[in-house]
Amino acid sequence: MRGTTVLPGEGNSGLPGSGPPGDDGMPTHRLEVPMPNALPFAIGTFDTIGPMSRASFPHRHTFHEIVHVTGGTGGHVVDLTRFALSPPNLCFIAPGQVHHWEDVTGLDGRVILFTDDFLLDHPADRHALRGLGRRSWLELPDEAAEPTARLVAELDGEYQAGAEGFQGVLRALLHVLVVRAARLPAHQPTEPPPAPRSRPGSVAAELMTLLGTPEGARRSVRACAQHLGVSVSYLGEAVKASTGRTPGELIRQARVHEAKRLLLRTELSVRQIALRVGFGDPAYFCRFFRRETGTSPGDFRRGGGDIHHDHRLESIARTRPSA
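About the thresholds
Residues numbered from 1 in each chain as written. Predicted model: local features only at pLDDT ≥ 70, side-chain atom pairs only at ≥ 80, totals over all residues. Heavy atoms only, no water. Helix = DSSP H or I, 4+ residues; strand = E, 2+ residues; numbered from the N terminus. Buried < 20%, exposed > 50% of the residue type's maximum accessible area, 1.4 Å probe, protein only. Contact = heavy atoms within 4.5 Å. Areas by Shrake-Rupley, 256 points an atom, 1.4 Å probe, with all protein chains shown as cover. Polar contact = N/O pair within 3.5 Å; in protein donor to acceptor, adjacent residues only side chain to side chain. Core = buried A, V, L, I, M, F, W, Y, C linked by side-chain atoms within 4.5 Å. Phe/Tyr/Trp six-rings, centres within 6.5 Å; stacked < 30°, edge-to-face > 60°. Lys NZ or Arg CZ within 6 Å of the ring centre and 35° of its normal. Salt bridge = Lys/Arg side-chain N within 4 Å of Asp/Glu carboxyl O. Pairing = 2+ DSSP bridges.

Draft legend 1. Main features of the overall build of the protein. Each helix and strand in the protein was counted, giving eleven helices and nine strands. Looking at the protein residue by residue over its 323 residues, the buried ones come to 51%. Considering only contacts within the protein whose residues lie at least 6 apart along the sequence, 71% involve residues at least 24 apart. Accessible surface for the protein amounts to roughly 13,900 Å². Of this, 53% is attributable to carbon and sulfur atoms.

Draft legend 2. Focus on the side chain of threonine 148. Mapped onto the elements, threonine 148 comes out in helix H3 (residues 142–161). On the basis of relative accessibility, which here comes to 11%, the residue threonine 148 falls in the buried class. Side-chain polar atoms of threonine 148 contact the backbone oxygen of alanine 144, separated by 2.7 Å. Leaving out residues up to four positions away in the same chain, threonine 148 has contacts with His68, Leu90, Leu140 and Leu177.

Draft legend 3. Just the nonpolar core, in detail. Within the largest apolar cluster, 29 residues are counted, with the highest numbers of intra-cluster contacts made by Phe41, Ile66 and Phe114. Sorting the residues of this core by element identifies strand E3 (41–45), strand E7 (89–93), strand E8 (98–114), helix H2 (125–135), H3 and helix H4 (166–182) as the ones contributing at least two each. Examining the composition of this core, we find that seven residues originate from one element, H4, more than from any other. Excluding anything up to four places from it in sequence, phenylalanine 114 contacts Pro40, Phe41, Phe63, His64, Ile66, Leu119, Leu129 and Leu174. Listed in part, the 17 residues of the second largest apolar core include Leu207, Leu210, Leu250 and Ala254.

Draft legend 4. The packing of aromatic side chains, seen in detail. With the rule as written, the count across this model stands at eleven aromatic pairs. Feature note: the residues Phe279, Tyr284, Phe285, Phe288, Phe289 and Phe300 constitute an aromatic cluster, connected by ring pairs. The aromatic ring of phenylalanine 279 is capped on one face by arginine 255, whose charged end is 5.2 Å from the ring centroid.

Draft legend 5. Seen up close, H2. Those residues of H2 lying buried are Asp125, Arg126, Leu129, Arg130, Gly131, Leu132 and Gly133. A positive backbone phi angle near 70° is found at serine 136, which sits one or two residues after H2.

Draft legend 6. Summary view of the pattern of salt bridges. Under the criterion given, the structure shown has ten salt bridges. For glutamate 102, the salt bridge identified is with arginine 82, shortest N-O distance 2.6 Å. Of this pair, glutamate 102 sits in strand E8 while arginine 82 sits in strand E6 (residues 81–84); the two residues are 20 residues apart in sequence, bridging distant segments of the chain. As a salt-bridge pair, arginine 150 and glutamate 146 come within 3.1 Å of each other at their nearest N and O atoms. With arginine 150 and glutamate 146 both in helix H3 and four residues apart, the pair spans about one turn of that helix. Residue classification places glutamate 146 among the exposed positions, given a relative accessible area of 54%.

Draft legend 7. Seen up close, the pairing of E3. Buried residues dominate E3, accounting for four of its five residues. Strand direction decides the pairing type here: E3 and E8, joined by five bridges, are antiparallel. Bridge pairing in E8 places glycine 44 opposite valine 111.

Draft legend 8. A look at unusual backbone geometry. In the segment running from proline 87 into proline 88, the intervening peptide bond is cis, with an omega of 0°. By the element assignment, proline 88 lies in the loop between E6 and E7. Look at aspartate 103: it is not a glycine, yet its phi comes out positive at around 55°. By secondary structure assignment, the location of aspartate 103 is in strand E8. Residue class for aspartate 103 comes out exposed when judged on its relative accessible area of 65%. A positive phi angle, close to 70°, is found at serine 136, a residue other than glycine. Checked against the element boundaries, serine 136 lands in the loop between H2 and strand E9 (137–139).

Nothing here speaks to function; it is all geometry.
See below:
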């Protein structure tokens, strides 16, 4: 199992998965998904995922994390709020959120890791996950505890088996988990609620919502700033402070995500897709796509997405089992 935690003061080594932390010096954990047949998704126990899954120091990720807690005592701190463990719980940590475990013993359950890139079939889940990240900690009532445990176990079993078509099954099961979780009431924190979201945090959230739309992926940084009513420099500062990433990085991610969805779900030509994601030159789009994903648009489409590999993805998970 491999992973990279970028600590305050470390620079960009140029290696996949490494890079500078945010401006606030917060350690940032990045996924390294090995080739071949990598998938931007992993699930396992706290032991199999690795020590970062129970880290006791504040850090953040650039990927989504869902934790199904089935045992243990202590607390989990997300941003400014501390939640007491009262298993079974579901916890949602969105990219850019800061969290850590506090005074935990006997922590048990499963950890699910994935990137926005994995949500090809259900792009609306990106918005739902952002909302769940704001609520973060959910108690599972009796009527939801057993179905949730079965669903998480089924996700784990499908991932471990790696049978034909398992990527689509994983996406479908994850979608069900997100939808059902959004219906649950939020757990009351053991500490006072955090202060209202800062202006930078709101701007970053608005940008993520904008980029979650098909037309958003076509916008430049300047166009996004104009749409949100802020200057380009303020947008950059706000987004970097809130997520540890630049608006340009988020736009590139959104363009790749939309391009993959169009390649897999439509019969549009590569030239047409290039135009729809903001590239007037198809050749430049192909170079961009290969740089960001490690494969060409044509090969990605012919492989049905199965050969997809993003060499910039971050991972604390082991390589998925071979199909």
